Amino acid sequence: MKAVVMAGGEGTRLRPMTSSMPKPLLPVVNRPIMEHVLRLLKRHGLTETVVTVQFLASLVRNYFGDGEELGMHLTYANEEVPLGTAGSVKNAEEALKDDSFLVISGDALTDFDLTSLIEFHRAKGAMVTVCLTRVPNPLEFGITIVDDEGKVERFLEKPTWGQVFSDTVNTGIYVMEPEVFDYVAANESVDWSGDVFPQLMKEGKPIYGYVAEGYWEDVGTHDSYVKAQADVLERKVDVDIDGFEISPGVWVAEGAEVDPEAVLRGPLFIGDYAKVEAGVELREHTVLGSNVVVKRGAFLHRAVIHDNVYIGSQCNLRGCVVGRNTDVMRAARIEDGAVIGDECLIEEESIIAGNVRVYPFKTIEAGAFVNTSVIWESRGQEHLFGARGVSGVLNVEITPELAVRLAGAYATTLKKGDTVTIARDHSRGARALKRAMISALQASAIDVRDLENVPMPVARQQTARGSAGGIMLRTTPGVPDSLDILFFDERGADLSQGGQRKLDRVYARQEYRRAFPGEIGDLGHPNAVFDTYAGSLLRRIDTSGVAEAELKIVVDAAHGSAGLVLPSILGRLPVEALTLNPGVGEAFPTETAEARRQGLQRLGEVVASSRAAFGVRFDPVGERVSFVDERGRIIEDDRALLVLLDLVAAERRSGHVALPVTTTRIAEQVAAYHGTQVQWTTTSPDDLTRTIAAEDAIFGGDGKGGFVVPECSEVFDGTAAFVRLVGLVARTQLTLSQIDARIPRAHVERRDMATPWAVKGKVMRSVVEAAGDRHVDTTDGVRVVEPDGRWTLVLPDPGEAVTHVWAEGPDDESTRALLDEWTAVVEAAGR
């Protein structure tokens, strides 16, 4: 006997899950519903099967193929238009006309004894046997009444409670004789219960009903879909679970990685090659698909997660369904009954309310509260670039595919035959993606100079030596599982805002240039880049007086790439240097703020005990630097900016310094005292770079450990700042603590306010209106200056749904009061 599996339905009640996936392929405990059906058929010897397909038919055919992997033989009958339950089987008549056949739905989960059903059919000599079952709520099903012999007396489709006369319903499973096709019109929409069966009963044909014992669930709604998962895990239905039961009710598939400190409260299922980190809590009826990643501190209860989903740290998911290839970022919350479609992005700290539907390919912005379904619009920021390049979680947001497309788009903005310099930090992720980008650049007729692992200032310098642009891949500072891709212009500076927009447009349009075979770019590896960099640095920066000062300095490379260039610097600088943590290791691609603080404290202890003049500590890519004074006390980054500004201005006595508008106005007092001026810039690094390019620029910094030494370069360079500080301290013969003590204390504080993208413009308008007659500066954001000199800066973040608010006053209390006042304005406008 052959079987017919009906797999052509659209599953409209299950959208958005079925928007991009046919209903029979929806996974139940990590196997498509239809696969459970096919395994049941095979168990009862029905290996010759015809599958009727219509909606997204190619996906069903591609997944199951000819059935060889299941030990079955599958053929397909395709419907051009929906033909109804009977019409679709009629469409497969050619394969079924020789013998009795069984009809079963491809989207119902059951473990009925089909062998007994077939035996009943043959014993009764029926033309049609309808498989029946008893359900507590028959309203959604067709009610069937049979007599004592099992012969059908009456059908009623989807009754009201006033029409309910039985709890025995039609499961959509039938055993039929080929003669039934005489009652089904070809190429028309025909239904078994509504059209064919009434006609057979009218003519007195033998139609019987077989009441089956066992489990049956019509997976037609979101509730029934989630219930089916729970029933499989509770073993209420006899189906195979593809995994190992490592403890009662806890099923783990092959290759899954579960940290021993994760809390698992079954029954639950963890799919193949999924990863569950320490601190995660998985509660009952949770199902994780293949390759799902659940980060530390996440909580999941009755959550059904499809394949290739990323669940960020501190997320909270309850009673929801999350579609394939979706990323749920840190601290997001998805409530009971919500359904997220395939390939969505749920950004940090957003909340999806209960029963909300988010359709495929949508973005929900950070901090958003979504209480209505998202069908057409995408509620998020769609630009690639953030504050510094393109950033995201490695292999989740920043994938090899994205890297290739991004490199192809970048190459398209350049001329054929141009050269691009590319470099990376010492992480494996940066190494892997750099290779992908090199291939894409060469395939777009770009020559590539591969520096491999170098400090970022070296990459910038080499880019400025004849390249049309550059790329640097590095681990996101403080976030070990994320990666930044930074783009440089021909000067080695960060790509301008205009350049970023151009690259963004090309990427969005996917208009990538491809080279002809003879135009494929070349790949080279420059030599002696560290010696070239060190020689250039020491030639341009004034180090007079260093030898006479006989300085002792402690230098902490922090296991970063700065340790690669320091030997070339310290070997030519006449100081006594003690170097800490010089080794470069993959285990230290970045460091958290806490780890960096601890490193600075250890550096301070070494400086104090060794009686050194000061200590410096580089970031992992050598771009930024922090200081401790001769007493071993940490000089905070914003304070270090004022110390270096004081030293530089005191020596130069003219020119201007470039500082972002977020810097304390104490900097103006320091600069003016020594006869120099401050030129305020936006917080964008490329704006600071343009300002530094002016002839009379003597210094620049951002108050976050980034310093610009104009005589050496126009970009942040931790090593150059270190060498310049050595020369300045040697010539002034003052200690860092003495310099720090003569600078007034600053009182600047900052708060970050979650602000949906849609209201950012409204927020800024409200701030301007609230300023009234007070002085307003719009260099970057809106800076409101009070009559007494206090100021507040309100600045929308370019890459996140956040608004930053800075305030400065004469003391901490005044500053906080000012901050409270303006954060209230931002909050009111953002509602």
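What counts, and at which threshold
- Residues numbered from 1 in each chain as written.
- Predicted model: local features only at pLDDT ≥ 70, side-chain atom pairs only at ≥ 80, totals over all residues.
- Heavy atoms only, no water.
- Helix = DSSP H or I, 4+ residues; strand = E, 2+ residues; numbered from the N terminus.
- Contact = heavy atoms within 4.5 Å.
- Areas by Shrake-Rupley, 256 points an atom, 1.4 Å probe, with all protein chains shown as cover.
- Lys, Arg positive; Asp, Glu negative; His and termini not counted.
- Charge placed at Lys NZ, Arg CZ, Asp CG, Glu CD.
- Expected span 1.5 Å × (residues − 1).
- Buried < 20%, exposed > 50% of the residue type's maximum accessible area, 1.4 Å probe, protein only.
- Salt bridge = Lys/Arg side-chain N within 4 Å of Asp/Glu carboxyl O.
- Pairing = 2+ DSSP bridges.
- 1 Å grid on protein atoms, 1.4 Å probe; cavity = no way out; pocket = protein on both sides within 12 Å on 5 of 7 lines; lining within 4 Å.
- Points joined across faces, edges and corners; volume = space filled by probe spheres on them.
- Nonpolar A, V, L, I, M, F, W, Y, C, P; charged D, E, K, R; others polar.
- Core = buried A, V, L, I, M, F, W, Y, C linked by side-chain atoms within 4.5 Å.
- Right-handed = clockwise from strand over helix to strand, strands pointing away.
- Phe/Tyr/Trp six-rings, centres within 6.5 Å; stacked < 30°, edge-to-face > 60°.
- Lys NZ or Arg CZ within 6 Å of the ring centre and 35° of its normal.
- Polar contact = N/O pair within 3.5 Å; in protein donor to acceptor, adjacent residues only side chain to side chain.

J.: Residue-level account of the overall build of the chain, with values.
T.: Across its full length, the chain carries 22 helices and 55 strands. If you line up the chain on its principal axes, its C-alpha atoms span 115 × 60 × 50 Å. The long-range fraction of contacts in the chain, counting pairs at least 24 apart against all pairs at least 6 apart in sequence, stands at 59%. Within the structure as shown, the chain displays about 33800 Å² of accessible surface, and the carbon and sulfur contribution to it stands at 47%. The centroid of the 87 positive side-chain charges in the chain is displaced by 4 Å from the centroid of its 122 negative side-chain charges.

J.: Can you tell me about helix H8 (residues 400-412), naming the residues and giving the values?
T.: The end-to-end C-alpha distance of H8 is 18 Å, a good match for the 18 Å that 13 residues give at a rise of 1.5 Å each. Among all positions in H8, only Leu402, Ala403, Leu406, Ala407, Gly408, Ala409, Tyr410 and Ala411 are buried. Its buried side turned inward, H8 meets strand S36 (390-393), strand S37 (419-424), helix H9 (428-443), strand S39 (469-475), strand S40 (482-488) and helix H11 (497-509).

J.: Report on the pattern of salt bridges, specifying residues and quantitative values.
T.: What the rule picks out here adds up to 52 salt bridges. A salt bridge links arginine 509 to glutamate 511; the shortest N-O distance between them is 2.9 Å. Within the structure, one salt-bridge network assembled from shared partners comprises Arg460, Arg474, Asp484, Asp494 and Glu623.

J.: Run through the sheet that holds strand S24 (residues 304-305), naming residues and quoting values.
T.: Note: strands within a sheet are paired through backbone hydrogen bonds, in either parallel or antiparallel orientation. Taken in spatial order, the eight strands make up an open sheet running S14-S15-S18-S21-S24-S27-S30-S33, and their pairing is mixed. What marks the edges here is a single partner per strand, and that holds for strand S14 (244-247) and strand S33 (357-358). Note: strand S15 (residues 250-252) against strand S18 (residues 268-270), three bridges, orientation parallel. Residue valine 252 lies in a different strand from S18, and its bridge partner there is isoleucine 270.

J.: Quick one: what's the story with empty space enclosed by the protein, residue by residue and with numbers?
T.: In total, this model carries four cavities of 30 Å³ or more according to the counting rule given. Approximately 90 Å³ is the volume attributed to the largest cavity. Along the wall of the largest cavity there are 13 residues; nearest its centre are Arg388, Gly389, Asp494, Leu495 and Gln500. For the lining of the largest cavity, the secondary structure elements donating two or more residues are S40, H11 and helix H18 (685-692). When grouped by side-chain class, the residues that make up the lining of the largest cavity number six nonpolar, four polar and three charged. Taken as a whole, the second largest cavity spans an internal volume of roughly 60 Å³. If you go around the second largest cavity, the residues you meet are Arg388, Arg460, Asp494, Pro685, Leu688, Thr689, Val708, Glu714, Val715 and Phe716. Sorting elements by how many residues they give to the lining of the second largest cavity places H18 first, with three residues. Tallied by class, the residues present in the lining of the second largest cavity amount to five nonpolar, one polar and four charged.

J.: Please set out the nonpolar core residue by residue, giving values where relevant.
T.: Counting 74 residues, the largest nonpolar core has Phe614, Phe627, Phe699, Phe707, Phe722 and Val726 as its most contacted members. Of the residues forming this core, the biggest block, nine residues, is contributed by helix H19 (residues 718-732). Not counting chain neighbours up to four residues away, the residues in contact with phenylalanine 699 comprise Leu641, Leu644, Leu645, Val648, His656, Val657, Ala658, Ile692, Phe707, Val708, Pro710 and Arg724. Formed by 61 residues, the second largest nonpolar core is a distinct cluster that contains Met21, Val28, Val29 and Phe64.

J.: Before we move on, could you go through the sheet that holds strand S45 (residues 625-628) and cite the residues and values that matter?
T.: Overall, mixed pairing links the five strands, which are arranged S43-S42-S44-S45-S46 in an open sheet. Of all strands in the sheet, those with a lone pairing partner are strand S43 (576-580) and strand S46 (634-635), marking the two edges. Bridge count for strand S42 (residues 552-556) against S43 is five bridges, and the pairing is parallel. Within S43, the position partnered with valine 554 by the bridge is leucine 578.

J.: Talk me through the pairing of strand S38 (residues 447-453); I want residue IDs and the actual numbers.
T.: With five of its seven residues buried, S38 lies for the most part within the structure. Here S37 pairs with S38 via six bridges, running parallel. Opposite threonine 419, over in S38, you have aspartate 447 as the bridge partner. Where the polypeptide runs from S37 across H9 and back to S38, its parallel neighbour, the crossover connection is right-handed. Bridging between S38 and strand S41 (residues 523-524) involves two bridges; their strand directions are parallel.

J.: Got a sec to walk through the packing of aromatic side chains? Specific residues and values, please.
T.: For the coordinates displayed, the defined rule picks out 11 aromatic pairs. With centroids separated by 6.1 Å and ring planes inclined at 85°, the aromatic side chains of phenylalanine 618 and phenylalanine 722 adopt a geometry described as edge-to-face. Taken together, the positions of phenylalanine 618 in strand S44 (residues 614-618) and phenylalanine 722 in helix H19 put the pair 104 residues apart, joining distant regions of the chain. When its relative accessible area of 0% is taken as the criterion, phenylalanine 618 is described as buried. Given a relative accessible area of 0%, phenylalanine 722 falls into the buried group. Chaining the aromatic ring pairs together yields one cluster made of Phe120, Tyr208 and Tyr210. Between arginine 665 and the ring centre of tryptophan 680, over which it is positioned, the NZ or CZ distance is 3.8 Å. Over the ring of tryptophan 791 we find arginine 665; its NZ or CZ atom is 4.8 Å from the centre of that ring.

J.: Explain the environment of tyrosine 410 to me, and be specific about the residues and the numbers.
T.: Here tyrosine 410 shows up in helix H8. The spacing of tyrosine 410 and phenylalanine 487 is 77 residues in sequence and 8.8 Å in space, taken between C-alpha atoms. Residues in contact with tyrosine 410, not counting those within four places in the same chain, are Val420, Leu441, Gly469, Gly470, Ile471, Phe487, Phe488 and Leu503. A polar atom in the side chain of tyrosine 410 sits 3.0 Å from the backbone oxygen of phenylalanine 488.

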